Amino acid sequence: MTDTPNATRRLLITWAVLMGLTLVTMLSAQLGGDARLAALPLWSAGLLLATTFFKAHRVLMVYLGLSDASPAWRGAFVGLTLATLVLVGSGYLIARFY
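Notes on the structure in this doc start here. Nothing here was measured: the structure is a model prediction, and the numbers come from that model. (Residues numbered from 1 in each chain as written. Predicted model: local features only at pLDDT ≥ 70, side-chain atom pairs only at ≥ 80, totals over all residues. Heavy atoms only, no water.)

**Some remarks on the overall build of the protein**
Regarding its fold elements, the protein presents three helices and zero strands. Its helices and strands in sequence order give the protein the pattern α-α-α, from N to C terminus. Counting only residues that meet the buried cut, the protein has 16% of its 98 residues in that class. Taking as baseline every contact in the protein between residues at least 6 positions apart, the subset at least 24 positions apart corresponds to 65%. Carbon and sulfur atoms form 73% of the exposed surface of the protein, whose accessible area is close to 7,000 Å². (Helix = DSSP H or I, 4+ residues; strand = E, 2+ residues; numbered from the N terminus. Buried < 20%, exposed > 50% of the residue type's maximum accessible area, 1.4 Å probe, protein only. Contact = heavy atoms within 4.5 Å. Areas by Shrake-Rupley, 256 points an atom, 1.4 Å probe, with all protein chains shown as cover.)

Given below as structure tokens:
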């Protein structure tokens with residue numbers, strides 16, 4: 001297996017983007033302090049789910065190589081990722097409002 005400079009560069013850029021999104025997620029979750037026991041605001045939970053989707057999409061496409069797979073495989077994995085995040089978001093909304 002040979003590793004081209006473009007492939008290495010793509011992996012490193014993707015890694016840097018994922019780390020940046022992890023910082024965004026941490027900041028939006030309001031870690032620490034007296035906010036630790038409070039529920040996340042809706043904007044924060046939405047941002048958390050959006051960054052989680054983008055991170056999962058990047059991992060699937062770049063690190064697992066789904067960008068080279070058939071559209072059916074890509075669609076299936078992206079669809080399952082979306083379904084999982086919708087389920088998590090629904091659970092958050094139900095817990096928050098009931």
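What follows continues from the structure just given.
**With respect to the environment of H57**
Along the polypeptide, H57 turns up in helix α2 (residues 42–63). Given the relative accessible area of 21%, H57 is considered partly exposed. A C-alpha to C-alpha distance of 9.7 Å links H57 and L82, two positions 25 residues apart in sequence.

**A word on helix α1 (residues 5–28)**
With 24 residues, α1 ought to run about 34 Å at 1.5 Å a step, and its terminal C-alpha atoms sit 35 Å apart, in line with that. Restricting attention to buried positions, one finds in α1 the residues T14, L18, L21, T25 and S28. Summarising the contacts, the buried residues of α1 are in contact with α2. (Expected span 1.5 Å × (residues − 1).)

**Topic: the packing of α1 against α2**
Across the interface, α1 lies against α2 with an axial gap of 9 Å and an inter-helix angle of 165°. Looking at the two axes, α1 sits roughly antiparallel to α2. For the pair α1 and α2, the sense of crossing is left-handed. The residues of α2 that touch α1, namely those facing R10, L11, T14, W15, V17, L18, L21, T22, V24, T25 and S28, are W43, S44, L47, L48, T51, F54, K55, R58, V59, M61, V62 and Y63. Grouping the amino acids of the contact of α1 with α2 by side-chain chemistry returns 14 nonpolar, six polar and three charged. (Axes fitted to C-alpha atoms, helices over the stretch in contact; angles between N-to-C directions. Parallel < 35°, antiparallel > 145°, perpendicular 65-115°, else oblique. Left-handed = near helix turned anticlockwise from the far one by under 90°. Nonpolar A, V, L, I, M, F, W, Y, C, P; charged D, E, K, R; others polar.)

**What about the side chain of T51?**
Tracing the chain through its elements places T51 in helix α2. Leave out the neighbours within four places in its chain, and T51 touches L21, V24 and T25.

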